[in-house]
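An overview of the molecular structure
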Amino acid sequence: MEPVSQLTSSSGYNHAEREKTRRLLRFLLRTVGFTLLAKVDSVEGMENVPESGPALLMINHIAFIDPIVVMHILPRNIIPLAKAEVYDYPVIGIFPKLWGVIPVRREEIDRQAVRLVMDVLKAGEIVLVAPEGTRGPGLSQGKEGIAYLASRSGVPIIPVAIDATVGFPALRFTKAWPESGARVHFGPPFRYRPELKRPGREQLRQMTDEAMYILAAMLPENRRGMYANLSLATQETIEWVE
């Protein structure tokens, strides 16, 4: 498997050029977003996120704000994948552009997005992926992109279980403000076995489902969706990172 450090850059992605803008956006996120519009009640497992080096964060997705919560919590800047349409949202669409969110065309194999993810990982950054590709109260079937990106890059996957984000953003001191804030749990990192560097379609499906079961086990039962039966979980393609 090609280590990320040996992947060639195809987009000219420059980490340093983005950092000044991201610092400003993080200030706004902290002082405005998580003062007036949202709150976090608990965070567990932060020690599972490396202080440096590339990784993939794999989250469940129940509300619009989920990736933003993770971006706010972590001291490192992370780069989310998002549907390409977020760039077209009135007003708020400017923020994904400024941050450098990676847009994905969901109706096709988006090779440009794959190349950009590899470039971002090569720069030593963390990419956030919501494998379901859509929001819902419980887990739906994960898409194989998470397994493809992890197996080709060789970087670890860190599962992130999110709950209690429904209702945010909301304006503080109004009736719409939820009583409880977001709860976030970062699980232990894992990789796919090195011999699976070019998995076939069936292998990708197994690899994705095994990762999704790891995420499901971190969630309350009402959030596990189609991965609710944990007795079906296997870990044949997975190695835990020491």
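Note: the structure precedes this text.
These lines cover the structure that appears in this document, whether it is placed above or below.

Definitions and limits used
Residues numbered from 1 in each chain as written. Predicted model: local features only at pLDDT ≥ 70, side-chain atom pairs only at ≥ 80, totals over all residues. Heavy atoms only, no water. Core = buried A, V, L, I, M, F, W, Y, C linked by side-chain atoms within 4.5 Å. Buried < 20%, exposed > 50% of the residue type's maximum accessible area, 1.4 Å probe, protein only. Contact = heavy atoms within 4.5 Å. Helix = DSSP H or I, 4+ residues; strand = E, 2+ residues; numbered from the N terminus. Expected span 1.5 Å × (residues − 1). Polar contact = N/O pair within 3.5 Å; in protein donor to acceptor, adjacent residues only side chain to side chain.

Describing the nonpolar core
The biggest cluster of nonpolar side chains holds 66 residues, and the ones touching the most others in it are L56, L57 and V70. Setting aside its immediate chain neighbours within four residues, V70 contacts L57, I59, I78, L128, V160, I162 and F186.

Thoughts on helix α1 (residues 15-37)
Between its first and last C-alpha, α1 extends only 29 Å over 23 residues, short of the 33 Å set by a 1.5 Å rise per residue. Of all the residues in α1, the buried ones are E19, R22, L25, R26, L29, G33 and F34. On its buried face, α1 is in contact with β1 (40-44), α2 (66-73), β3 (78-83) and α3 (94-99).

Examining the environment of N229
Note that N229 resides in the loop between α6 (201-218) and β9 (238-240). Since its relative accessible area comes to 40%, N229 is described here as partly exposed. A C-alpha to C-alpha distance of 27 Å links N229 and V70, two positions 159 residues apart in sequence. A distance of 2.4 Å separates the side chain of N229 from the side chain of S231, its partner in a polar contact.

What to know about unusual backbone geometry
The omega torsion of the bond from F168 to P169 falls at 0°, within 30 degrees of zero and hence cis. Looking at the secondary structure, you find P169 in the loop between β6 (157-163) and β7 (182-186). Here the phi dihedral of A164 falls at roughly 65°; this positive angle occurs in a residue that is not glycine. Here F173, not a glycine, exhibits a phi torsion of approximately 75°, which is positive. By the secondary structure assignment, F173 is in the loop between β6 and β7.

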